[in-house]
Amino acid sequence: MEHNPPSAVTQGEKDAVERAVRVLDAGSGLSRTHLLPLLQAVQRDRGWLSRGVLAQVAERLRLPFPEVWGVATFYALLRLEPPAGVPVHVCDDVPCRLRGAEALLAELEVRYGPPRRFSGRAHGEPAEPGVAKGGVDWETVPCLGQCEAAPVAVVGGALCRGADAAGIAGAVAAAGPRGGDAGA
Amino acid sequence: MTRVPEVRRLLARVGRIDPGSLEAYRDAGGYRGLGRALEIGPEPLLEELTRSGLLGRGGAAFPSGVKWKAVAQAPAPRWLVCNADESEPGTFKDRVLLEQDPFSVLEGLTIAARTVGAEDALIYLRGEYDGAAARLEDAIGQATAAGLLGVRVRLFRGAGAYICGEETALFNSVEGRRGEPRSKPPFPTEAGLFGRPTLVNNVETLANVALIAADGAEAFRAHGTERSTGTKLFCLSGHIERPGVYEVPFGTPLRELLDLAGGIWRGRRLQAVLCGGASGSFLGPDRLDVPLSFEGLRTMGAAIGSGALIVLDETADLWRTVQRVARFFREESCGQCVPCRVGTQRQLEIVDRLAEGRGRAGDMDLLRDLAGAMTDASICGLGQTASSAVISALALVGEGTPV
């Protein structure tokens, strides 16, 4: 079962969690309120959250693994599988749709294949595997709160306002092969 | 020529001073509010806030004075939470305030903390708002160094969940739990963050606090209507000539606000405005003269909500917009309570089949039944408002043929 802890945690995973603990600077006061910040810090560092990382975080916070699993699967910006390319989030919400997002989405689909379904990671639903065509792992997301500059996207963690396919391709190239953080 | 109704109080400094400079903020009149708050003391300030008639700007429009008083009277230690988890589709005013005038929000936060006696404050910032986060971190550092913060402030980043803007879901998120809302009562003023009495105020609300403290309740009431005092930030997006954040006194007719933003784009005609974002309702062209006040919109079953105004011109596909809104709620429902978890799914299914011309007899009634169940029986505002846009769209497109 997915919510059971993995059988082993690698040294790399342990080190990553320790680095994140140091970034938080919580000292001996590490407690459950640091769970989300800890997960975010590891993701900034490694790009995603492996099951070993979740197990190590559970160990550090003295929480049962399923509790950490439950939180990690709740938030759309937390990645539980490695990005298959540069992570790209494209807003397909109402204000962006009214200003060209639908045409943009169609163009991106030609370049990069179909997007990952956003709701796949929201609130614990099973994720769908990403398809990395053109080195991009992209998905549509709800309103990013940048509506005056619609349509908008986030490419490897960098905001693209007034986005078009060429601009996104340029930002993908700038983000490099592994890409930046997915935005969390 | 239409009279230009814009009044820049909250936006007085936005785009005009360096938002990264505490000195520039003070030179432009910043921190006068905190100075006066310290001079007159907590109780008179609370009186002033109550007299100002300030209603919360996060969407629920609860009287701030009542909330502050409840927390001030509750036992210490108390928490102050600034809700900056702005995620309502079409809403970006809090982001603009935090990016362009962060010290005004911090000043309001310090005044609030001192007035209700909170030693700890937390700003819950939307995970996607990297620009605002950098700005806030720097501003918190500068205000601390200048001895102006007066409260421990923790900046907490969300991680992509609309529901966490609901205050009790926000508490759970900070406490390292899934961001699912709690049942109320107990209300946050009694048992909020970490079980302590907690004052939760929206970003724009706190920016207003700084104004009220600086210039007093009477100056604040000089703008707006008797029951909706002051000015309001509106976020104009979609088919409008100049999208952006605009500040007008409450009571300004919708028509004037649209004119202020350059009118409908490309010289087209208005089809509808989605007022209040995904959880809001559609207003047709016959509503252009509605005064934008809490009471003015309530008379037609609508609400100002977050201040989002998404404009659809005559060529827009209204029902496609409704579909996107229905999908939004289906995806953002946290799944904890049945009316919302099942209701948002069923609502989307019906809206989809109507959009695809597969509508069945009784679908309209079914949508209304669902809406009733979700509104009455959902735990929190998400489920309670998840049908608002859909039902208001039915009224616009007329019975029987939504597409």
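Residues numbered from 1 in each chain as written. Chains lettered and ligands numbered in written order. Predicted model: local features only at pLDDT ≥ 70, side-chain atom pairs only at ≥ 80, totals over all residues. Heavy atoms only, no water.

Novice: I tried to follow the overall build of chain B on my own but got confused; where do I start?
Specialist: Secondary structure summary: chain B contains 16 helices and 9 strands in total. Its C-alpha atoms give chain B a radius of gyration of 21 Å, near enough to 22 Å, the size a compact globule of 403 residues would have. The dimensions of chain B, computed from C-alpha atoms along their principal axes, are 65 × 55 × 35 Å. For chain B, long-range pairs separated by at least 24 residues make up 70% of all intrachain contacts whose partners lie at least 6 apart in sequence. Counting only carbon and sulfur atoms, one obtains 50% of the accessible surface of chain B, whose full area is about 14700 Å². Looking at chain B, you have 46 positive and 50 negative side-chain charges, and the mean spots of the two groups are 1 Å apart. (Helix = DSSP H or I, 4+ residues; strand = E, 2+ residues; numbered from the N terminus. Rg over C-alpha atoms; globule rule 2.2 N^0.38 Å. Contact = heavy atoms within 4.5 Å. Areas by Shrake-Rupley, 256 points an atom, 1.4 Å probe, with all protein chains shown as cover. Lys, Arg positive; Asp, Glu negative; His and termini not counted. Charge placed at Lys NZ, Arg CZ, Asp CG, Glu CD.)

Novice: Would you mind showing me how to read the confidence of the model for chain B here?
Specialist: If pLDDT is low for a region, its predicted coordinates should not be looked at in detail. Across chain B, the average pLDDT comes to 96, with 98% of residues at or above 70. For this predicted complex, the interface confidence comes out at an ipTM of 0.95, alongside a pTM of 0.96. (pLDDT = per-residue confidence, 0-100.)

Novice: Would you mind showing me how to read helix α14 (residues 363-377) of chain B here?
Specialist: Given 3.6 residues to a turn, an α-helix orients residues that are three or four positions apart in the same direction. All names here are of chain B. Across its 15 residues, α14 extends 21 Å between first and last C-alpha, which sits within 8% of the 21 Å expected from 1.5 Å per residue. Residues of α14 that are buried include every one of D363, M364, L367, L370, A371 and M374, and no others. The buried residues of α14 occupy an angular sector of 125° when the element is viewed end-on, so they sit on one face. Set apart from the buried face of α14 by more than 90 degrees, the exposed residues are D369 and D376. On the buried face of α14, the contacting elements are α13 (338-355), α15 (381-385) and α16 (388-397). (Expected span 1.5 Å × (residues − 1). Buried < 20%, exposed > 50% of the residue type's maximum accessible area, 1.4 Å probe, protein only. Arc of directions from axis to C-beta.)

Novice: What should I look at first to understand the pairing of strand β6 (residues 244-249) of chain B in this one?
Specialist: All names here are of chain B. Across the 6 residues that make up β6, a large majority, 6, are buried. The sheet contact formed by strand β5 (residues 231-238) and β6 spans 6 bridges and is antiparallel. Bridging across to β6, C235 finds its partner in V245. Two successive antiparallel strands, β5 and β6, enclose a turn made up of 5 residues. (Pairing = 2+ DSSP bridges.)

Novice: For this particular structure, what's the right way to read the nonpolar core?
Specialist: Core analysis: the largest hydrophobic core is formed by 77 residues, its most contacted members being L39, V57 and Y75 of chain A together with I163 and F282 of chain B. Ranked by residues supplied to this core, first place goes to helix α12 (residues 318-332) of chain B with 7 residues. In this structure, V14, V96, Y129 and L206 of chain B belong to the second largest nonpolar core, which totals 57 residues. (Core = buried A, V, L, I, M, F, W, Y, C linked by side-chain atoms within 4.5 Å.)

Novice: What am I meant to see in the layout of surface pockets here?
Specialist: Unoccupied space between atoms shows up once a probe the size of one water molecule is rolled over them. Roughly 470 Å³ of volume is contained in the second largest pocket. What lines the second largest pocket is a set of 16 residues, and nearest its centre among them are L24 and P37 of chain A together with E137, R154 and L155 of chain B. Of all the elements in the fold, those that place two or more residues in the lining of the second largest pocket are α1 (11-24) and α2 (35-46) of chain A together with α7 (130-145) and β3 (152-157) of chain B. By residue number, the principal contributor to the lining of the second largest pocket is β3 of chain B, which donates 5 residues. (1 Å grid on protein atoms, 1.4 Å probe; cavity = no way out; pocket = protein on both sides within 12 Å on 5 of 7 lines; lining within 4 Å. Points joined across faces, edges and corners; volume = space filled by probe spheres on them.)

Novice: It is not clear to me how the pairing of β5 of chain B should be interpreted in this structure. Could you clarify?
Specialist: Taken residue by residue, a regular strand's side chains alternate between the two faces of the sheet. All names here are of chain B. Summarising burial for β5: 8 of the 8 residues are buried, a large majority. Judged from the 4 bridges that link them, β5 and strand β9 (residues 308-313) form a sheet pairing that is parallel. Across the sheet, the residue bridging to L236 is L309, located in β9.

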